[in-house]
Amino acid sequence: MKALGVTFRHGVHPPDSKSLTERIPIRRMPFPQRIALPLRQNAGKPARCLVRKGDRVERGDMIAEADGYMSVPVHASAAGTVADIGWWPHPDGSMAETVIIDVEPHSPQIPRPRIVPRWEGLTPDQVRSEVQKGGVVGLGGAAFPTHVKLAPPEDFPIDWLLVNGAECEPFLTTDHRTMVEYPERVHFGIRIMMQCLGVERAVIGVEKNKPDAIEALERAKPSDLDITVQPLVVKYPQGAEKMLINVVTGHEVPSGKLPMHVGTVVQNVGSIATIAEIFETGLPLIERVVTVTGPGVKRPSNLIIPVGTQLGDVLEFCGGITDDAAEIVFGGPMMGTSQPDMRTPLTKGTTGIVVLTKAEVKPKRTYPCISCGHCLDACPVFLNPSQLGKLAQAGRYEAMEEAHLADCMLCGSCSYVCPSNIPLSQMFALSKSALRRQKEVAPPPAPAEKEEAAA
Ligand code: SF4
Ligand code: SF4
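Residues numbered from 1 in each chain as written. Chains lettered and ligands numbered in written order. Predicted model: local features only at pLDDT ≥ 70, side-chain atom pairs only at ≥ 80, totals over all residues. Heavy atoms only, no water.

1. Things to note about the overall build of the protein chain
If you tally the helices and strands in the protein chain, you get 14 helices and 17 strands. Rg of the C-alpha trace for the protein chain: 22 Å, near the compact-globule value of 23 Å for 455 residues, within the 12% margin. For the protein chain, the spread of C-alpha atoms along the principal axes amounts to about 60 × 60 × 55 Å. Looking at the protein chain as a whole, 53% of its 455 residues are labelled buried. Long-range contacts, defined as pairs at least 24 residues apart, comprise 73% of the intrachain contacts of the protein chain with a sequence gap of at least 6. (Helix = DSSP H or I, 4+ residues; strand = E, 2+ residues; numbered from the N terminus. Rg over C-alpha atoms; globule rule 2.2 N^0.38 Å. Buried < 20%, exposed > 50% of the residue type's maximum accessible area, 1.4 Å probe, protein only. Contact = heavy atoms within 4.5 Å.)

2. Here's the deal with the nonpolar core
Core analysis: the largest hydrophobic core is formed by 37 residues, its most contacted members being Leu 161, Ile 190, Met 193, Ile 204, Val 206 and Phe 279. Of all the elements, helix α4 (residues 183–197) adds the most residues to this core, at eight residues. Within the second largest apolar cluster, 34 residues are counted, among which are Phe 8, Leu 162, Met 243 and Ile 422. (Core = buried A, V, L, I, M, F, W, Y, C linked by side-chain atoms within 4.5 Å.)

3. Quick look at helix α3 (residues 174–181)
When you tally the buried positions in α3, you get six out of eight residues, the bulk of the element. All of the buried residues in α3 are Thr 174, Asp 175, His 176, Arg 177, Thr 178 and Met 179.

4. With respect to the pairing of strand β5 (residues 62–65)
Of the strand pairs in this sheet, strand β3 (residues 48–49) and β5 are connected by two bridges, and their pairing is antiparallel. Across the sheet, Arg 48 pairs through a bridge with Glu 65, a residue of β5. Of the strand pairs in this sheet, β5 and strand β6 (residues 74–75) are connected by two bridges, and their pairing is antiparallel. In the sheet register, Met 62 faces β6, and the bridge partner there is His 75. (Pairing = 2+ DSSP bridges.)

5. Here we look at the sheet that holds strand β15 (residues 325–330)
Strands sit in the order β1-β14-β13-β17-β15-β16 across an open sheet of six strands; the sheet is mixed. This sheet does not close on itself; its edge strands, each paired only once, are β1 (26–28) and β16 (337–338). Inspection of the sheet shows strand β13 (residues 287–293) paired to strand β17 (residues 352–357) by three bridges, in the parallel sense. Looking at the pairing, Thr 293 lines up with Val 354 of β17. Along the sheet, α3 makes contact with β1, β13 and β14 (301–306), crossing β13 at roughly 120°. (Axes fitted to C-alpha atoms, helices over the stretch in contact; angles between N-to-C directions.)

6. Let's talk about the confidence of the model for the protein chain
Taken over all residues, the pLDDT of the protein chain has a mean of 91, while the share at 70 or more is 95%. Least confident of the elements in the protein chain is helix α14 (residues 447–454), whose mean pLDDT is 41; most confident is helix α8 (residues 311–317), at 98. (pLDDT = per-residue confidence, 0-100.)

7. Regarding unusual backbone geometry
The peptide bond linking Tyr 236 to Pro 237 adopts the cis configuration, its omega dihedral lying at -5°. Along the polypeptide, Pro 237 turns up in the loop between β11 (226–232) and α6 (241–249). Phi at Glu 167 takes a positive value of approximately 40°, unusual for a residue other than glycine. For Glu 167, a relative accessible area of 8% gives the class buried. In this model, Ser 371 sits at a positive phi of 55°, which is unusual for a non-glycine residue. Ser 371 sits in the exposed class, given a relative accessible area of 56%.

8. Some details on the environment of Asp 226
Topologically, Asp 226 is positioned in strand β11. Residue Asp 226 is classed as partly exposed on the basis of its relative accessible area, which comes to 43%. Along the sequence, Asp 226 and Glu 200 sit 26 residues apart, while their C-alpha atoms lie 6.5 Å from each other. When near neighbours in sequence (up to four residues on either side) are disregarded, Asp 226 contacts Met 194, Glu 200, Arg 201 and Ala 202.

Okay, here's the thing in structure tokens:
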């Protein structure tokens, strides 16, 4: 393991702005009148709907099943009646097929837990299957199906389980409060993951600006497992998988490769706590901890919110927004997405709601690139954002691919430092989806080409 104080190269230091909520205990938000559950809540294939308009559902019932291996089911987060199934605003800015449930008024909302066997007697395959059935995805934002992470191919032996408690995104305190208030649950989740992956050591990386979380995790540490709680230098994007691996293990994940290629599985601390809950309570992933914060919200809070609760209902519960509120972001100011529609639901991957005022929102007016090089100094994966930006403006997506666009993790460090206000990471996100679309519509290769490719 690397020495303490060592950090990755490049990156930025935005103000952490966590004081609004870092000491506020997590509390439960009451059930709203209506919830909206998108079928697309995970990286991979969306779930397949199982209910029809008018159906009665209990809290915890599966309303959509996994569509294949790279998919997870969606469960009702409240008891009620299916009011509609149709297109609804999605946090990613698109419209997505969504199940609308009118929540039963005055219902005690007693959950219908699934029967989960004792985890100790399960094989790794059975553990993975239960995790998939519980609809568990990474709660750090990317919503990657957790059962897939638990099943690295046999030719890539895993040595390290790296637990991501960095939470480097400004304003957010979701993981911080989870570590402070539920450290035993985090350790229980680590125990299950370690057994499932067959690894003997785990490291929890926590930035030093969360001393109470470090202390709570140290205090609750089981004596029979090799778990290290490692304080990390405060720097953005410390929580990106490749950065965390580099800082903790000293390994560099090569371009185009994954953590498993350097013998590591990285999992967010909230997802690990959810794995523990799956086996403790039998409840699937139907609620999550969310930070509601920013100078533009009247009552900043850390809340347990039913998945599918609409943005407007959450903000109302937090006292509403201030007169100078200028932008609402799901995620955080560096990597989050702006939300113009109050009907947008919180999904499994929503880490927080940040309401920014005019003082924090970057001016929209952009200027030409002045070749200052600040973005190159900021990029933690050593790309040339200035050059990529020019290629994006020219629509030269293939050239961007050659310039390693795939390695860009859309961290926003380049946009943050750009004196010309060029929305670089936003342009890279759009270029990535344009490339994806191009590949989807590309005609299949002719038979001769296929043979050539196979040779
Ligand atoms: S958004 Fe992409 S190009 Fe910009 S700093 Fe982050 S990784 Fe580098
Ligand atoms: S920081 Fe902005 S202005 Fe400076 S080189 Fe990069 S893109 Fe150009």
